[in-house]
Amino acid sequence: MVPLFFQVLKPRLWTCPESSISLIHRPLPAKRAPPPPPALGPRAVCGACFCAAFEAEVLHTVVAGRLLPPGAVVAVGASGGKDSTVLAHVLQVLAPRLGISLRLVAVDEGIGGYRDAALAAVRRQAARWELPLTVVAYADLFGGWTMDAVARSTAGSGRSRACCTFCGVLRRRALEEGARLVGATHIVTGHNADDMAETVLMNFLRGDAARLARGGGLGSPGEGGALPRCRPLQLASQKEVVLYAHFRRLDYFSEECVYAPEAFRGHARHLLKLLEAARPSAVLDLVHSAERLALAPAARPPAPGACALLDGLNRGRPRLAIGKGRRGLDEAGPPRDGEPERAPAPEAVPAF
Ligand code: SF4
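One numbering rule holds for all chains: residues counted from 1, following each sequence as written. Per-residue local features of the predicted model are confined to residues with pLDDT of at least 70, and side-chain atom pairs are confined, for both listing and counting, to 80 or more; whole-chain, interface and lining totals are unaffected and use all residues. Only heavy atoms go into the side-chain values, all of them from the structure, while hydrogens and water stay out.

**Quick word on the site of the ligand**
Being near a molecule or strand, for a residue, comes down to having at least one heavy atom within 4 Å of it. Around the ligand sit Ile111, Cys164, Cys167, Arg171, Cys257, Tyr259 and Ala260, and that is every residue in its neighbourhood. Amino acids are sorted into nonpolar (Ala, Val, Leu, Ile, Met, Phe, Trp, Tyr, Cys and Pro), charged (Asp, Glu, Lys and Arg) and polar (every other residue, Gly among them). Along the lines of polarity and charge, the residues of the shell around the ligand split into six nonpolar, no polar and one charged.

Written as structure tokens, this is what we have:
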């Protein structure tokens, strides 16, 4: 028997056949913060009912948000971790009802001692679920650059704090390439509510208006020729995802990336845990805050694209395009007194 902490979008009655407990799911008010979940907290349901309710919630998220239309060919970003494993499994269960077909797309970032084992988990999943799997590698897509090479370039040695910034932008591009390769019409990723809340916190702490502006909602409709993306697990907490994987006995890879300890995200995660202890609804409150955040077009500086990052790497100026504003992009900074005038930087390569 496990606690159930669902936040749902319309009222429904759920009765557990084993415990005969009925749970009333309350709607979220349209323009106010969502109610905290304690009303459901003390109740319990069995594992089978929990999984059925979890799948029903994901189905509701996809249908209510019109995320995946019937006939869609959906590329699932598969990392081998718990989130993408749960996402792929739930969508496979729901695929006949949604009328969609699935393809697994995995990205090989080129991280020694980590990615090979994770990719092995993805291959096992693909075989078990009989889903087509395509692996795209940074080294093939980005002129030989792997994350290990980026780490050496950004820090001179070992693990750099900037690694995840590069990796996030490159992975987005790689997933797009992989999805197009398999003929997908839509991309889904396994981000859960905790991931999204951490991202919102990070963006606020960094003053990153560009990412804040595009961070809300359940996905993006596919601007600038990109494929539409969505996050069907965005309203599910990490606890729920872990429980679902546990009860469904899913085989996933759970080790942390070697560069993760240096990531700024770790601080946001720690802060979020403190906030959640004081206010249990903090995670979903942050997710919904981002949804409602509206920035004027003039306040949205463009986020760096993969091309700009690669341009910086290839020119030996890896911090190019990951700072704030054009001046802050150049790690060398403006010339100091007595320093000879530098040659003007070439025009920035347009982002993908
Ligand atoms: Fe990439 Fe950072 Fe994730 Fe490692 S932790 S896979 S470097 S984003």
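**Thoughts on the environment of His270**
The secondary structure listing takes helices from DSSP runs of H or I that are at least 4 residues long and strands from runs of E that are at least 2 residues long, numbered from the N terminus. For His270, the position within the fold is in helix α10 (residues 265–278). With 72 residues separating them along the chain, His270 and Glu198 place their C-alpha atoms 9.2 Å apart.

**Points about the side chain of Asn203**
Tracing the backbone through its elements, the reader meets Asn203 in helix α7 (residues 193–206). The contact criterion used is simple: two residues touch if any of their non-hydrogen atoms lie within 4.5 Å. Apart from the residues within four sequence positions on either side, Asn203 is in contact with Asp208, Arg211 and Leu212.

**A closer look at the pattern of salt bridges**
What makes a salt bridge here is a side-chain nitrogen of Lys or Arg within 4 Å of a carboxyl oxygen of Asp or Glu, nothing more. Counting across every chain of the model gives 13 salt bridges. Here Glu109 ties to Arg171 by a salt bridge, and the two come within 3.3 Å at their closest N and O atoms. Placement of Glu109 in the loop between β6 (101–108) and α3 (115–129) and of Arg171 in helix α6 (residues 163–181) is noted, with a sequence separation of 62 residues between them. Working definition: with a 1.4 Å probe on protein chains only, accessible area under 20% of the residue-type maximum means buried, over 50% means exposed, and in between means partly exposed. Taking relative accessible area as the criterion, Glu109 reaches 1% and is therefore assigned buried. Note on Arg171: relative accessible area 35%, which makes it partly exposed. For Glu176, the salt bridge identified is with Arg180, shortest N-O distance 2.9 Å. With Glu176 and Arg180 both in helix α6 and four residues apart, the pair spans about one turn of that helix. Take Glu176: its relative accessible area is 7%, and that puts it in the buried class. Several salt bridges converge on common partners, so that one network encompasses Glu109, Arg115 and Arg171.

**Focus on a nonpolar patch on the surface**
Surface patches are defined over residues having more than 30% relative accessible area and no salt bridge, joining like charges when they lie within 9 Å and nonpolar side chains (Val, Leu, Ile, Met, Phe, Trp, Tyr) when within 5 Å. Method for areas: the Shrake-Rupley scheme with a 1.4 Å probe, in which residue coverage is limited to the protein chains shown. A contiguous nonpolar patch, built from Leu205, Leu271, Leu274 and Leu275 and spanning about 340 Å² of accessible area, is present on the exposed surface. Top element by residues in the nonpolar patch is α10. It accounts for three residues. Tracing the backbone through its elements, the reader meets Leu274 in helix α10.

**Points about the side chain of Glu198**
Tracing the chain through its elements places Glu198 in helix α7. Relative accessible area serves as the criterion here: at 2%, Glu198 is assigned to the buried category. Dropping the residues within four chain positions of it, Glu198 is found in contact with Arg265, Ala268, Arg269 and Leu272.

**Focus: the confidence of the model for the chain**
Scored from 0 to 100, pLDDT records how confident the predictor is in each individual residue. Per-residue pLDDT for the chain averages 78, and the proportion of residues at 70 or more is 71%. Taken element by element, the predicted model of the chain shows its lowest mean pLDDT in helix α13 (residues 325–329) (37) and its highest in strand β5 (residues 73–77) (98). Counting interchain partners and residues more than four positions distant, the pLDDT-below-50 stretch residues 1–11 has 49 contacts. Scored below 50 in pLDDT, residues 324–352 makes 32 contacts in the model with residues more than four places away or belonging to other chains.

**Quick look at the packing of aromatic side chains**
Each Phe, Tyr or Trp ring (for Trp, its six-membered ring) is paired with any other whose centre lies within 6.5 Å, and the angle between the two planes then decides the class: stacked below 30 degrees, edge-to-face above 60, tilted in between. Summed over the entire model, instances satisfying the criterion amount to five aromatic pairs. A centroid spacing of 4.7 Å and a plane angle of 25° characterise the contact between Phe54 and Tyr244, whose relative ring orientation is stacked. Taken as a pair, Phe54 in helix α1 (residues 47–64) and Tyr244 in helix α9 (residues 238–247) lie far apart in primary sequence, 190 residues in all. Look at Phe54 and you get buried, because its relative accessible area is 1%. According to the relative accessible area criterion, Tyr244 is buried, its value standing at 0%. Each residue in the set Phe50, Phe54, Tyr244 and Phe247 is aromatic and connected to the rest through ring pairs, giving one cluster.

**A look at α7**
An expected span of 1.5 Å times one less than the residue number is assigned to each helix. Across its 14 residues, α7 extends 20 Å between first and last C-alpha, which sits within 8% of the 20 Å expected from 1.5 Å per residue. Across the 14 residues that make up α7, a large majority, ten, are buried. Those residues of α7 that sit buried are Ala193, Asp194, Asp195, Met196, Ala197, Glu198, Val200, Leu201, Met202 and Asn203. Where α7 begins, one side-chain oxygen reaches toward the backbone nitrogen of Asp194, 2.9 Å away; that side chain belongs to Asn192. Within two residues after α7, Gly207 carries a phi angle of roughly 65°, on the positive side. In protein, a polar contact requires one atom able to donate a hydrogen and another able to accept it; more generally it is a pair of N or O atoms within 3.5 Å, and residues adjacent in sequence count only if both atoms are side-chain atoms.

**Section: α9**
For an α-helix, 3.6 residues make a turn, and residues three or four places apart therefore share a direction. Turning to α9, its buried residues number three or more, namely Glu240, Val241, Tyr244 and Ala245. Projected down its long axis, α9 carries its buried residues within an arc of 135°, all on one side. Opposite its buried face, α9 presents the exposed residues Lys239 and His246, each directed more than 90 degrees away. Tucked into the core, α9 has its buried residues touching α1 and α2 (82–98). The first or second residue beyond α9 is Arg249, which carries a positive phi of 55°. By arc we mean the arc of the directions from the helix axis to the C-beta atoms, nothing more.

**Quick word on the packing of α10 against helix α11 (residues 282–292)**
In this analysis an axis means a line fitted to C-alpha atoms, helices contributing only their contacting stretch, and an angle means the value between N-to-C directions, from 0 to 180 degrees. Between α10 and α11, whose axes approach to 8 Å, the crossing angle comes to 115°. The angle between α10 and α11 falls in the class roughly perpendicular. On the side of α10, the interface is formed by Leu272, Leu275 and Glu276, while α11 contributes Ala282, Val283 and Leu286. Throughout, the term roughly parallel applies to angles under 35 degrees, roughly antiparallel to angles over 145, roughly perpendicular to angles from 65 to 115, and oblique to all others.

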